[in-house]
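Reading the structure
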Amino acid sequence: MSNPSARTPAIDTKLPAVGTTIFTVMSALAAEKNAVNLGQGFPDFNCDPQLLTDVSAAMAAGHNQYPPMPGIPALREAISAKIAQLYGHTYRAADEITVTAGATQAIITAILAVVRPGDEVIVLEPCYDSYVPNIDLAGGKVVRVPLTPGTFRPDFGRIAAAITPRTRAIIINTPHNPSATVWTAAEMRELEELLAPTDIFVISDEVYEHMVYGEAKHQSAASFPGLAARSFIVSSFGKTYHVTGWKVGYVAAPAPLTAEFRKVHQFNVFTVNTPMQHALAAYMADPKPYLELPAFYQRKRDLFAAGLAKTRLKLLPSQGTYFQCVDISEVSDKSEADFCLWLTSEIGVAAIPLSAFYGNGFDQRVVRFCFAKKDETLNTALDRLARL
Ligand SMILES: Cc1ncc(COP(=O)(O)O)c(C=O)c1O
């Protein structure tokens, strides 16, 4: 006999639009079909062994208890020095830098710190999939502004038109996932001018800051005083050091913003695992790993692009990130999502439809591959894609 007191109460979901994502579907299908998984964005190679040695050393040295709430001072100092060196703005380690559990926690914490019920937050679509549910959880209103279809450049006319007295924040992302574009200095200045007369905060997602190719240069919001003064700058060690599973990132923001950020941070994670922080602080003493990252990934991008150029897929520019987008219209008249399912099942390579990064599923015949893979993985994928 069932016990009536053991009834699970019905839960009224806070996120009705969130279900199984295309990333889960594609990864499961890729595993089932033994496809090369170029869908989800993470490396299939290991990090520098030095970093592993540094973590073991930190654990052996007894760095295994709670660290200070905002992160260990040595790591915050190293982050501060790097930002000052690369972007010309000094954030004080004491009250302007916070170590987070990856960029994901940094973004939701910044949103919870500033967005109140009914506030509007502008997102530029296509966008990373955590932004919209994060705004929903804060009770904010998502205001979607598309990047220009085809080029994925910001359309400042449309952004200006979306601003209202209720706009609390805008989320930007450069280098950009999924389109692989990189904002120019002129675009950053245009945003700076547009926001100057407003009290709008910026959440600047810069997790791919060290992956920029050719002429492109990363433009951090830290480099533009009018943006730096209103921005939460977010980055991720997972991307930079090939350790996405460690989930360590950081936020740099002016002291009053950091103070509010830390109030939320203190009560959602309190702090971030200790030995990784010590290892990252030691490892950051040498800037070479992040300074050499563009050359490392540019070679992979070029290897992959050279193979794709032999197919009827049309390459879009990959200026940054570890993604390469392609136009599928010469190869197929399927929707992006159906094409990706077909590509995984029939060709044996998984990709992600760009429509997954839009609230309305906008389909422009473009799919995204991740090239953060061993050369042999990329070559296996290219052998299969040669049939297209
Ligand atoms: C644009 C963007 N922001 C944030 C993240 C999350 O970074 P983390 O793994 O450090 O939480 C990702 C990861 O794919 C991303 O692509």
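Residues numbered from 1 in each chain as written. Predicted model: local features only at pLDDT ≥ 70, side-chain atom pairs only at ≥ 80, totals over all residues. Heavy atoms only, no water.

1. As for the pattern of salt bridges
One pass over the full model with this rule turns up 13 salt bridges. One salt bridge in this structure joins Arg 144 and Glu 125, with 2.6 Å as the shortest N-O distance. On the criterion of sequence distance, the pair formed by Arg 144 in strand E4 (residues 141-146) and Glu 125 in strand E3 (residues 120-125) is long-range, its members being 19 residues apart. For Glu 125, a relative accessible area of 6% puts it in the buried group. As a salt-bridge pair, Glu 187 and Arg 153 come within 2.6 Å of each other at their nearest N and O atoms. With Glu 187 in helix H8 (residues 185-195) and Arg 153 in the loop between E4 and helix H7 (156-162), this residue pair connects regions lying 34 residues apart in the sequence. As far as burial versus exposure is concerned, Glu 187 and Arg 153 are alike and both buried. Connected through shared salt-bridge partners, Arg 92, Asp 95 and Glu 96 make up one network. (Salt bridge = Lys/Arg side-chain N within 4 Å of Asp/Glu carboxyl O. Helix = DSSP H or I, 4+ residues; strand = E, 2+ residues; numbered from the N terminus. Buried < 20%, exposed > 50% of the residue type's maximum accessible area, 1.4 Å probe, protein only.)

2. Topic: the pairing of strand E7 (residues 231-236)
Most of E7 sits inside the fold, with six of its six residues counted as buried. Of the two faces of E7, the one carrying Ser 231, Ile 233 and Ser 235 and the one carrying Phe 232, Val 234 and Ser 236 are both buried. Sheet analysis places strand E6 (residues 201-205) next to E7, joined by four bridges and oriented parallel. Bridge pairing links Ile 203 to Phe 232 in E7. With four bridges connecting them, E7 and strand E8 (residues 249-252) associate as antiparallel partners. Its bridge partner lying in E8, Ser 235 is registered against Tyr 250. (Pairing = 2+ DSSP bridges.)

3. Focus on helix H12 (residues 274-283)
For H12, the buried fraction is high: eight of the 10 residues fall into the buried class. Every buried residue of H12 is listed here: Thr 274, Pro 275, Met 276, Gln 277, Ala 279, Leu 280, Ala 281 and Tyr 283. The N-cap of H12, judged by a side-chain oxygen 3.3 Å from the amide nitrogen of Met 276 a few residues on, is Asn 273. (Polar contact = N/O pair within 3.5 Å; in protein donor to acceptor, adjacent residues only side chain to side chain.)

4. Looking at the site of the ligand
Around the ligand lies a shell formed by Gly 102, Ala 103, Thr 104, Tyr 128, Asn 173, Asn 177, Asp 205, Val 207, Tyr 208, Ser 236, Lys 239 and Lys 247. Here Thr 104 contributes a side-chain N or O atom positioned 2.5 Å from an oxygen atom of the ligand. Here an oxygen atom of the ligand and a side-chain polar atom of Tyr 208 are 2.7 Å apart. Taken by itself the ligand offers 400 Å² of open surface, and the protein chains cover 93% of this. Partitioned by chemical class, the residues of the shell around the ligand number four nonpolar, five polar and three charged. (Near = heavy atom within 4 Å. Areas by Shrake-Rupley, 256 points an atom, 1.4 Å probe, with all protein chains shown as cover. Nonpolar A, V, L, I, M, F, W, Y, C, P; charged D, E, K, R; others polar.)

5. Section: the domain arrangement of the protein
Domains assigned within the protein are domain 1 (22-41 + 291-385) and domain 2 (49-285). Measuring from the centre of the C-alpha atoms in domain 1 to the corresponding centre in domain 2 gives 26 Å. Every contact between the two is made by 26 residues of domain 1 and, on the other side, 29 residues of domain 2. Summed over both sides, the interface of domain 1 with domain 2 buries roughly 2300 Å², with 62% coming from carbon and sulfur. Considering only the side of domain 1, the residues that lose the most area to domain 2 are Gln 319, Thr 321 and Phe 357, jointly responsible for 29% of the buried surface there. Taken together, the links from domain 1 to domain 2 amount to zero salt bridges. Across the domain 1-domain 2 interface, the total number found is 13 residue pairs in polar contact (both at pLDDT 80 or more). Of all the elements in the fold, those that place two or more residues in the side of domain 1 that touches domain 2 are helix H14 (293-308) and strand E10 (323-327). No other element matches the six residues that H14 contributes to the side of domain 1 that touches domain 2. (Domains from an automatic or database assignment. Contact = heavy atoms within 4.5 Å. Buried area = accessible area lost by both parts, 1.4 Å probe.)

6. With respect to the environment of Lys 300
On the secondary structure map, Lys 300 appears in helix H14. Not counting the four nearest positions on each side in its chain, Lys 300 is found in contact with Phe 45, Phe 371, Lys 373, Lys 374, Asp 375 and Leu 378.

7. A short note on the sheet that holds strand E9 (residues 314-315)
Taken in spatial order, the four strands line up as E9-E10-E13-E12 in an open sheet, and their pairing is antiparallel. For this open sheet the edge positions go to E9 and strand E12 (352-353), each flanked by a neighbour on one side alone. Here E12 runs beside strand E13 (residues 366-370); their pairing, made up of two bridges, is antiparallel. Of the residues in E13, the one forming a bridge with Pro 353 is Val 367. Across the sheet, H14 lies against E9, E10 and E13, angled at about 15° from E10, the strand it touches most. On the sheet, helix H15 (residues 336-347) packs against E12 and E13 and is oriented at approximately 45° with respect to E13. (Axes fitted to C-alpha atoms, helices over the stretch in contact; angles between N-to-C directions.)

8. Considering the environment of Phe 296
Tracing the backbone shows Phe 296 in helix H14. Taking the relative accessible area as the measure of exposure, Phe 296 reaches 32% and is therefore partly exposed. In the structure, Phe 296 is positioned 76 residues away from Ala 372 in sequence and 9.9 Å away in space, judged by C-alpha atoms. Contacts of Phe 296, omitting those with residues within four sequence positions, involve Phe 45 and His 242.

9. Remarks on helix H16 (residues 375-385)
Along H16, the residues that are buried comprise Thr 377, Leu 378, Ala 381, Leu 382 and Leu 385. Taken around the axis of H16, the buried residues stretch over an arc of 135°, which confines them to a single face. Exposed side of H16, more than 90 degrees from the buried face: Glu 376 and Asp 383 are the residues found there. On its buried face, H16 is in contact with strand E1 (36-37), H14, H15, strand E11 (349-350) and E13. (Arc of directions from axis to C-beta.)

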